[in-house]
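# Results of the structural survey
Chain by chain, the residues run as shown.
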Amino acid sequence: MANPYFLMALLYLVAAVLAALDSSLVGFQLAPWFNGLRWLRVHLITLGMLTEVAFGVLPLLAAARLKVARPRMRWDVWLTLNAGLLVLLAGIPLINQGLIFVGGTLIFVATLLLMGQLWQMQRQSAQQAGEGRKFYLMGLAYFLLGILVGTGLWLGWMAPLGIKVPIEVHIHANNWGFLSLVFAGLLIDLMPALTGRPLLSSRSIRLVYWMMTVGALGLVIGPWLGGVLWAVVPGLVLHLSATIWLVTATARTLLASPRRRDAGAWHLIGAYIWILAPVLVAPLILLGVPGVPGAGIDATAPQALIYGWVLQFAYALIPYFVRRYFLHEDGARLGGSWISVLAIHVGSAFIWASIFIVPNRELLSGVGYAFYVVSFLPVLVEMVRLFHSGLRRLETQILDSSAEAA
């Protein structure tokens with residue numbers, strides 16, 4: 001049976017691209033601007049698409065690395081997560097406190113259930129803990145923090161919690177904590193299957209893990225306490241160093257293998273350009289360098305970060321996971337095409353240009369989001385073909401079983 005998380009991930013991916021199309025039309029002044037859609041666009045990718053993929057594949061990858069039986073489908077987790085997502089994504093543009101609280105609570109519970117499932121696997125295994133599993137658990141722990149702060153933004157929890165800059169705490173917990181650690185774990189776990197070689201030695205993986213974990217903590221504590229440099233600067237240095245180490249190892253491993261000819265490999269490598277961009281300009285904002293539009297970067301950089309970084313991972317990995325776990329292909333290849341690689345980088349470049357070229361901001365933003373839509377089209381065609389192939393195979397199996405029974 002098709003993993004229902006993949007189907008939901010595809011749904012949110014399509015919704016995110018439609019939101020990008022809307023943003024493009026707004027930039028070209030062909031459609032009106034709607035309140036709340038800026039954050040909804042981001043959450044369609046992070047909370048919607050990425051969370052569905054994570055919940056769908058992390059137990060499968062952990063089970064494979066720990067050499068335990070493939071876990072059964074946890075419908076309680078799936079229903080809790082998707083009910084929470086539906087309610088929360090309805091509440092965000094409406095700014096409805098009740099919907100946001102219920103949705104955030106359900107997603108929080110679903111995340112705890114997933115963490116419990118991953119933890120239980122280790123108790124069933126005679127193997128040492130899988131290298132990626134600790135990244136997943138710590139990433140999910142930061143996700144819990146991001147949910148708590150994100151929900152509390154609308155419910156007046158910030159003052160009791162003593163959070164000075166809550167939006168930055170929410171973004172940093174999700175981006176530098178949840179997404180960074182989960183993506184690192186995915187690269188570590190998938191690289192042997194993709195290239196036949198481990199990404200890093202066990203010792204190096206432990207160092208990357210702790211550098212990312214402690215670095216993310218510093219980047220969360222900093223805005224929590226009002227932007228204290230003694231937490232932000234060491235956190236930024238640690239996290240950036242670990243990320244560069246990880247990307248360098250990923251590029252070296254992929255380019256030394258036949259995968260270098262796959263567009264998906266270049267999606268995985270190139271995606272990190274757009275996580276490094278805001279990290280590199282952050283010190284300029286903190287130091288108040290003249291001419292650096294801090295407010296514009298804070299408002300727009302998360303959009304370019306999510307579309308340029310997370311969406312590229314989706315283009316490469318969602319088709320790969322569908323081939324591997326739905327079609328059961330040996331040697332499944334990464335997704336994406338050279339059109340998607342080129343278009344998504346051009347789109348991100350235009351979005352960043354819109355931050356600094358203020359007189360043409362709307363036009364540049366419209367062009368950028370239009371390129372994001374173009375980047376998605378070949379991936380959509382690829383996904384439709386994969387699901388069509390899988391459904392035909394499933395239909396054949398059902399007919400064969402019926403014939404044997406007769």
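Residues numbered from 1 in each chain as written. Predicted model: local features only at pLDDT ≥ 70, side-chain atom pairs only at ≥ 80, totals over all residues. Heavy atoms only, no water.

On to the overall build of the protein chain. Within the protein chain, the regular secondary structure consists of 14 helices and zero strands. Reading the protein chain from its N terminus to its C terminus gives the helix and strand order α-α-α-α-α-α-α-α-α-α-α-α-α-α. Across the 406 residues that make up the protein chain, the buried fraction comes to 56%. A sequence separation of at least 24 residues applies to 79% of the contacts in the protein chain between residues at least 6 apart. Carbon and sulfur atoms make up 68% of the accessible area of the protein chain, which amounts to about 17300 Å² in all. (Helix = DSSP H or I, 4+ residues; strand = E, 2+ residues; numbered from the N terminus. Buried < 20%, exposed > 50% of the residue type's maximum accessible area, 1.4 Å probe, protein only. Contact = heavy atoms within 4.5 Å. Areas by Shrake-Rupley, 256 points an atom, 1.4 Å probe, with all protein chains shown as cover.)

In this section: a nonpolar patch on the surface. Together, Leu 18, Leu 21, Leu 25, Phe 28, Leu 30 and Leu 363 make up an exposed nonpolar region whose accessible area comes to about 540 Å². Of the residues forming the nonpolar patch, the biggest block, three residues, is contributed by helix α1 (residues 4-27). Counting through the fold element by element, Leu 21 comes out in helix α1. (Patch = residues over 30% accessible without salt bridge, like charges linked within 9 Å, V, L, I, M, F, W, Y side chains within 5 Å. Salt bridge = Lys/Arg side-chain N within 4 Å of Asp/Glu carboxyl O.)

Helix-helix packing is described using two parameters, namely the angle between the two axes and the distance between the axes. For the pair helix α7 (residues 166-195) and helix α8 (residues 202-224), the least separation of the axes is 8 Å and the interaxial angle reads 170°. The orientation of α7 relative to α8 falls into the category roughly antiparallel. Contacts from Glu 168, Val 169, His 172, Ala 173, Trp 176, Gly 177, Ser 180, Leu 181, Ala 184 and Ile 188 of α7 reach α8 at Ile 205, Tyr 209, Met 212, Thr 213, Ala 216, Leu 219, Val 220, Pro 223 and Trp 224. Taken together, the residues that form the contact of α7 with α8 break down as 14 nonpolar, four polar and one charged. (Axes fitted to C-alpha atoms, helices over the stretch in contact; angles between N-to-C directions. Parallel < 35°, antiparallel > 145°, perpendicular 65-115°, else oblique. Nonpolar A, V, L, I, M, F, W, Y, C, P; charged D, E, K, R; others polar.)

A few words on the nonpolar core. Within the largest apolar cluster, 130 residues are counted, with the highest numbers of intra-cluster contacts made by Met 49, Leu 186, Trp 309 and Phe 321. At 19 residues, the largest contribution of residues to this core is made by helix α12 (residues 294-326). (Core = buried A, V, L, I, M, F, W, Y, C linked by side-chain atoms within 4.5 Å.)

Here helix α5 (residues 131-152) crosses α8 at 5°, and the two axes come no closer than 10 Å. What the angle tells us is that α5 and α8 run roughly parallel. Contact residues: Glu 131, Lys 134, Phe 135, Met 138, Tyr 142 and Leu 145 in α5; Ser 202, Ile 205, Arg 206, Val 208, Tyr 209, Thr 213, Ala 216, Leu 217, Val 220 and Trp 224 in α8. Broken down by class, the residue content of the contact of α5 with α8 amounts to 11 nonpolar, two polar and three charged.

Any segment with low pLDDT has predicted coordinates that should not be analysed in fine detail. Per-chain confidence: the protein chain averages 85 in pLDDT, with 87% of residues scoring 70 or above. Here helix α11 (residues 273-286) is the element of the protein chain with the lowest mean pLDDT, 72, and α8 is the one with the highest, 95. (pLDDT = per-residue confidence, 0-100.)

What follows concerns the packing of aromatic side chains. Under the counting rule described, the total for this entry stands at 17 aromatic pairs. Ring geometry for Tyr 320 against Phe 321: centres 5.6 Å apart, planes inclined by 65°, an arrangement best described as edge-to-face. For Phe 321, a relative accessible area of 1% puts it in the buried group. Arranged with centres 6.1 Å apart and planes meeting at 25°, the rings of Phe 321 and Tyr 325 form a pair that is stacked. (Phe/Tyr/Trp six-rings, centres within 6.5 Å; stacked < 30°, edge-to-face > 60°.)

Time to look at empty space enclosed by the protein. Applying the stated rule across the entire model yields two cavities of 30 Å³ or more. For the largest cavity, the calculated volume is near 70 Å³. For the largest cavity, the full set of lining residues is Met 49, Leu 50, Val 53, Phe 183, Leu 186, Val 310, Phe 313, Ala 314, Leu 317 and Ile 318. Those elements giving two or more residues to the lining of the largest cavity turn out to be α2 (37-66), α7 and α12. A per-element tally of the lining of the largest cavity places α12 first, with five residues. By residue class, the composition of the lining of the largest cavity is 10 nonpolar, no polar and no charged. (1 Å grid on protein atoms, 1.4 Å probe; cavity = no way out; pocket = protein on both sides within 12 Å on 5 of 7 lines; lining within 4 Å. Points joined across faces, edges and corners; volume = space filled by probe spheres on them.)

We now examine the pattern of salt bridges. The full count for this structure, using the stated rule, is five salt bridges. Across the pair Asp 76 and Arg 74 runs a salt bridge, and its minimum N-O distance is 2.9 Å. When its relative accessible area of 35% is taken as the criterion, Asp 76 is described as partly exposed. Between Arg 323 and Glu 329 there is a salt bridge whose closest N-O contact spans 4.0 Å. We classify Arg 323 as buried; its relative accessible area is 5%. You can call Glu 329 partly exposed: its relative accessible area is 32%. Through salt bridges with shared partners, one network takes in Arg 323, Glu 329, Arg 333 and Glu 382.

Here we come to the side chain of Thr 151. Examined against the element boundaries, Thr 151 turns out to sit in helix α5. Here the side chain of Thr 151 touches Ile 147 through a polar contact of 2.8 Å, landing on its backbone oxygen. Residues contacting Thr 151, with those up to four places away along its chain left out, are Ile 100, Phe 101, Gly 104 and Trp 157. (Polar contact = N/O pair within 3.5 Å; in protein donor to acceptor, adjacent residues only side chain to side chain.)

Along the chain, Gly 27 turns up in helix α1. Classification of Gly 27 as buried rests on a relative accessible area of 11%.

Relative to the assigned elements, His 172 resides in helix α7. A polar side-chain atom of His 172 sits 2.6 Å from the main-chain carbonyl oxygen of Leu 219. Non-local contacts of His 172, meaning those with residues more than four positions away in its chain, are made with Gly 177, Leu 219, Val 220 and Pro 223.

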